[in-house]
Amino acid sequence: MSMAKPLPLLFLDGGLSSLLEEEVGALHPKLWSSALLLTEEGCEAVISSHEAFVRAGADMIQTVSYQATVPGFVEHGQVSSTEALNLVQKSVALAQEGIRRAGCCSTHAFKCAQEPATAKQREDAESTQVEARTIQVVGSIGCYGAFLANGAEYRGDYQLSTSEFRTFYVDKIRALASAGCDVLAFETIPCLEEALAIVDIMATLHMAIPYWISFQCSTSTQLANGHDLRHAVAAVLNATTQAGHVKRLSSQLCTCTCQVAPCPTPTKTSTTPSISSPSSTHVAPRAHAYLTSCQLAAQEGATILGGCCRIFPDTLQDMIQANTQRN
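What counts and how
Residues numbered from 1 in each chain as written. Predicted model: local features only at pLDDT ≥ 70, side-chain atom pairs only at ≥ 80, totals over all residues. Heavy atoms only, no water. Axes fitted to C-alpha atoms, helices over the stretch in contact; angles between N-to-C directions. Helix = DSSP H or I, 4+ residues; strand = E, 2+ residues; numbered from the N terminus. Parallel < 35°, antiparallel > 145°, perpendicular 65-115°, else oblique. Left-handed = near helix turned anticlockwise from the far one by under 90°. Contact = heavy atoms within 4.5 Å. Nonpolar A, V, L, I, M, F, W, Y, C, P; charged D, E, K, R; others polar. Buried < 20%, exposed > 50% of the residue type's maximum accessible area, 1.4 Å probe, protein only. Pairing = 2+ DSSP bridges. Right-handed = clockwise from strand over helix to strand, strands pointing away. Expected span 1.5 Å × (residues − 1). Core = buried A, V, L, I, M, F, W, Y, C linked by side-chain atoms within 4.5 Å. Salt bridge = Lys/Arg side-chain N within 4 Å of Asp/Glu carboxyl O.

Peer 1: Please explain the packing of helix α2 (residues 40–55) against helix α4 (residues 81–101) as it appears in this structure.
Peer 2: To describe two helices that pack against each other, one gives the angle between their axes and the distance between the axes. At their nearest, the axes of α2 and α4 sit 8 Å apart, and the two run at 50° to each other. Judged by the inter-axis angle, α2 sits oblique to α4. In this structure, α2 crosses over α4, and the sense of that crossing is right-handed. Facing α2, whose interface residues are Cys-43, Glu-44, Val-46, Ile-47, His-50, Glu-51, Val-54 and Arg-55, α4 presents Lys-90, Leu-94, Ala-95, Glu-97, Gly-98, Ile-99 and Arg-101. A breakdown of the residues in the contact of α2 with α4 according to their chemical character gives seven nonpolar, two polar and six charged.

Okay, structure coming up:
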C-alpha cells in the first residue's frame, strides 16, 4: 500500500497587530488594527508590515481584517455598510501590495497570469513570478467575542444561534473571498458551538475556498470556555464530513492553538493540515519558549507554523530558519 505524500511545511506570518502597534502607537479600542484601513497613512503602515513578514520568510500572510466587521465600522468608523465591506476587501489589496513590494508574487497575481487579460496585465504578472516566491493571502476573520471588544474571545461566555452567527459572518466571508483571498482563517474561536456554526455556514455557502479554524485556548488541553480541546478538534473534523463538503475542504481544514502548546492532534501521517501559531512576550525566555513550541509542533506533525501576538518579523525569521530543514 502506498503511503500518502507528507504535506509540505509552510510558514504563516506573526503578530501583525503587534507590529503595527509598535509602528503607529496605540490602536483603536474597538476596531483595533482594522481602523488603519480608514486612513491613507494607516494603509501604508499595513503594507509595510506585510512586507516585513514576507521578507522574514512567511509563505502566507494574514489580512488586517481580524476586527473588521460591518457593524463595527458603521458604529466606530462612521461609514456606511457598503463602505465597510469595501474596507474589508481593501485589506486583501494591502496584503497583495505588501507581497509585491517584498519582491514576491501573490497567488492571486499568479492566477491572473493564467487567465484572459490585457497584454500589459499578463506581462506584469509573468515578469513578477519568474524568480519570485508565491505567497498566499489569508483572510483573517475574528470570532464574535473579538467583535464585542470586551475580552469575550478569552472567555467564550456568549451564546448565539447558528442563524445569529450566520448574520455576523456571511458578508465578511463573501467580501474576503471575492477580493482574492486564497484561504480564510476563522481565528481565536473560544467555544465549540461557534466553530460548528462556522462549518455549517461554509457548507451552505458552497464556496471552493479553503479555510481553517483556530481555537482560543486557556490551557494546552482546554478551549477558552473550558471545553476539552481534543474533543473540540474531533467534533469539528466530524462536522465537515457530516456537512458533505469534506471532499472539497477536509484536506485544508485546520485546527490550531494560539498559545505555547503543541498541536493536540496526531498529524504525522495525516493529510489534513494543522497549524501552530503561539504567542510570545518578545523577551528572551518567552521568545525561546515560542521557538521551542514551534519545533515541537513540527515534530508532532504541524504543517503550518506561524505566530500570534508579539511575534515580530525577527522572531518569525529565527523560527523559520530553525525549521527549514524539515521542509
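Peer 1: Even after reading the chapter, I still don't get the pairing of strand β6 (residues 211–215), so can you show me in this structure?
Peer 2: If a strand is regular, its side chains alternate between the two faces of the sheet. With five of its five residues buried, β6 lies for the most part within the structure. Every second residue of β6 is oriented toward a common face, with Tyr-211, Ile-213 and Phe-215 on one face and Trp-212 and Ser-214 on the other, all of them buried. In this structure, strand β5 (residues 183–189) lies alongside β6, joined through four bridges in parallel fashion. Along β6, the bridge assignment pairs Ala-185 with Trp-212. A crossover connection joins β5 to the parallel β6 through helix α9 (residues 192–205); in handedness this β-α-β unit is right-handed.

Peer 1: Before we go on, may I ask you to explain α4 in this structure?
Peer 2: Within an α-helix, residues lying three or four positions from one another point in the same direction, as the helix has 3.6 residues per turn. Over its 21 residues, α4 extends 31 Å from the first C-alpha to the last, a length consistent with the 30 Å expected when each residue adds 1.5 Å. Following α4 by one or two positions, Gly-103 adopts a phi angle in the positive range, close to 80°.

Peer 1: Explain the nonpolar core to me, please; I cannot follow it from the model alone.
Peer 2: General note: in soluble globular proteins, nonpolar side chains tend to be found buried as a group. Core analysis: the largest hydrophobic core is formed by 86 residues, its most contacted members being Tyr-169, Ile-173, Leu-184, Phe-186 and Phe-215. The residues touching Phe-186, leaving out its near neighbours within four places in the chain, are Ile-141, Tyr-169, Ile-173, Ile-198, Met-202, Tyr-211, Trp-212, Ile-213 and Ser-214. Val-183, Trp-212, Ile-275 and Ile-304 belong to the second largest nonpolar core, which has eight residues in total.

Peer 1: What's the story with the pattern of salt bridges in this structure? I'm lost.
Peer 2: Pairs may arise between side chains of opposite charge once their charged atoms sit close together. Taken as a whole, this structure holds seven salt bridges when the rule is applied. In this structure, Glu-51 and Arg-55 form a salt bridge, with 2.9 Å as the shortest nitrogen-oxygen distance. In this pair, Glu-51 and Arg-55 both sit in helix α2, four residues apart, roughly one turn of the helix. Residue Glu-51 is classed as buried on the basis of its relative accessible area of 18%. Residue Glu-97 pairs with Arg-100 through a salt bridge whose shortest N-O separation is 2.6 Å. Taken as a pair, Glu-97 and Arg-100 lie in helix α4 at a separation of three residues, close to a single helical turn. Counted as one network, the salt bridges with shared partners bring together Glu-44, Glu-97, Arg-100 and Arg-101.

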